[in-house]
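Listed here are the chains, written in short residue letters.
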Amino acid sequence: PKLTREESLLSNFSYRIRLICPAKVVSSSCNFDAMHAFGLAFGTAALAVVLQGCGKPDVPSDSTSTTTTTTTTEQTGPGNYDGSPKFMLEDVGMKSFSYNPLYLADPSCLKSPGVGQCGKIINDDVSAEWAEQMWGPDGRNDIGRIRQFGANAIRLYGNDPRFSKRKFFDELVKNDMKALTGMSNYPFTDPTIGCIWKNGYDCTDAAKSSYSQVLKDGEFAKNGYYHNAIEVISLMNEPDIHAWLPGEWKGSNNYIKALITAMDGLLEAEKEANIQKWKNGKLPKLTIAWSYAMLPSGLCSPSGYIHDKKECGPSIGFMAQFYWALQDPQDTVGYTPINDLKSVYEERWVNSLQPFQNTDQVYREAVLPGQTLPSLKGPKMYLGEYDPAVNACADKPSCPAYGKPELLRDLKVILSDPKWTKSIWGVSFFQYQMPYNKYEIHELQYGMFEMLPNAPWTTGYILGDDEKNHPINCLDWKVQELGEAVAEAYGGSLPDLPCPKDESESKTFVV
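Values in this document were obtained by computation on a predicted structure and should not be read as measured data.

Rules of the game
Residues numbered from 1 in each chain as written. Predicted model: local features only at pLDDT ≥ 70, side-chain atom pairs only at ≥ 80, totals over all residues. Heavy atoms only, no water. Core = buried A, V, L, I, M, F, W, Y, C linked by side-chain atoms within 4.5 Å. Buried < 20%, exposed > 50% of the residue type's maximum accessible area, 1.4 Å probe, protein only. Helix = DSSP H or I, 4+ residues; strand = E, 2+ residues; numbered from the N terminus. Contact = heavy atoms within 4.5 Å. Salt bridge = Lys/Arg side-chain N within 4 Å of Asp/Glu carboxyl O. Disulfide = S-S within 2.5 Å.

(A) Just the nonpolar core, in detail. Counting 134 residues, the largest nonpolar core has Tyr226 and Phe322 as the members making the most contacts within it. Examining the composition of this core, we find that 10 residues originate from one element, helix α11 (residues 255-272), more than from any other. In contact with Tyr226, other than residues within four places in its own chain, are Asn80, Tyr81, Tyr211, Leu215, Phe220, Ala221, Ile233, Glu270, Ile275, Trp278, Leu283 and Pro284. Residues Phe87, Leu89, Val232 and Tyr382 belong to the second largest nonpolar core, which totals 9 residues.

Dropping the structure here:
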């Protein structure tokens, strides 16, 4: 695939510019120079520039403002907020699925995905209660199916602070699974309120405000303890893409400043909520989910906070930038932290990268440098998204060049090869369901499952929606051979895919 960044940006040009992630479209040799030119040309245009993630929308509609009415659930006793998680992924290894199975915006999207209204999804927080019939045992039972593969974790994307996630987290605990979750990009990147646009990349207050609501109304924590299912909290998804504009790299106001201040804001929210360590002495790890792109050529230098040109590889260049800036935030990004960020980094940080290449290439370019360079060798890493098939197969879900044998080999290397496991937690297969809301042919190739016409379940009402609910379709295999590879590598089996013939055979769902 040879899409340039300008081509990706211009692929959906209608009041919005939707930036399609190049990390899955081009090889690790890509850089951001083309995007710089585009940003200079269009950065002041009177357009709503909405920067969205790879295979997932992370910018809610206006209806997801954090000032609206919230929904929470009732529970008695400490339940899964007792400070005693069953296990930690850092101890047992991570076998995950990337999960964002959005409903169809219109029935026509089933046959013509990415066309017309298919991108009009009012809310992407599928861990909220409105989506319970997707993941719960009384509906499609996605969590149960993922568990049957042998997975012990689910990587999440959208996070609407208004909605409780307790039921989703409780269901994970029932299935001996953990959550890799995080803040939405919305309070950072939304052109109307985002701190990178409105506050010179200082995101302390925005992060504190949003995450305080996540802790309380999202029910991430109660009585001072995080929910036992929560393993990792991401500050932002692919900020090297989504937080690049409006400033590109102009002095200290840049995406690294946004991340350092966001980390400080999150810690302030934790202090306000009186968060304490679990009884095992730990707290959820913190991370940033970086794409597998390269640093712009001009930033592989001290002006980009880089100390060694060996640090400039895909993903690791951004990790190194963050590390070095964190050592002296005042001198690098002009910010004086409220909290001891260096100590928190040493205690709670894990690095996250999202490569779509075979393990030989990823080890050479990112894993090995991450084990040896001073800026990288402290924290462990995990692969937050992984499926090399689409790149290897020229925009097809699988092919003879990359199918079951190749994916099985790569997953086994990641999970069991000692040269990997000494620094890598594990991997998250990208992704569970085909993204019918995406406009690019490349993006539409991802997903283990595709939808069937039958829709025997519905969502609950989504606050702010004009519709009372949306259909939840049955699923069928899109690339079963890759499913076989995942199940074998994860030590599980292929799940059954039952589909009730009509609504009378499915259970009623009332919110």
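(B) View of the pattern of salt bridges. One pass over the structure, following the stated rule, counts 21 salt bridges. Lys167 is the partner of Glu132 in a salt bridge, and the nearest nitrogen-oxygen pair spans 3.7 Å. Placement of the pair is Glu132 in helix α4 (residues 132-135) and Lys167 in helix α6 (residues 166-174), with a sequence separation of 35 residues. By relative accessible area, Lys167 is classed as partly exposed at 32%. Here Glu488 ties to Lys412 by a salt bridge, and the two come within 3.6 Å at their closest N and O atoms. With Glu488 in helix α20 (residues 480-490) and Lys412 in helix α17 (residues 404-416), this pair connects stretches of sequence that are 76 residues apart.

(C) Quick look at the side chain of Thr181. Examined against the element boundaries, Thr181 turns out to sit in strand β5 (residues 178-182). The contacts of Thr181, once residues within four sequence positions are left out, are Leu156, Asn159, Phe220, Ile230, Val232, Ile233 and Ser234.

(D) Region of interest: the state of the cysteines. The final tally for this structure, using the stated rule, is 5 disulfides. A disulfide bridge connects Cys300 with Cys312, and the sulfur atoms are separated by 1.9 Å. When the S-S torsion is 100°, as for the bridge of Cys300 with Cys312, the disulfide is right-handed. Of this pair, Cys300 sits in the loop between β9 (285-291) and α12 (316-327) while Cys312 sits in the loop between β9 and α12, placing them 12 residues apart in sequence. This pair shows no difference in class: Cys300 is buried, exactly as Cys312 is. Between the sulfur atoms of Cys393 and its disulfide partner Cys399 the distance amounts to 2.1 Å. When the S-S torsion is -80°, as for the bridge of Cys393 with Cys399, the disulfide is left-handed. The class of Cys393 is buried, set by a relative accessible area of 6%.

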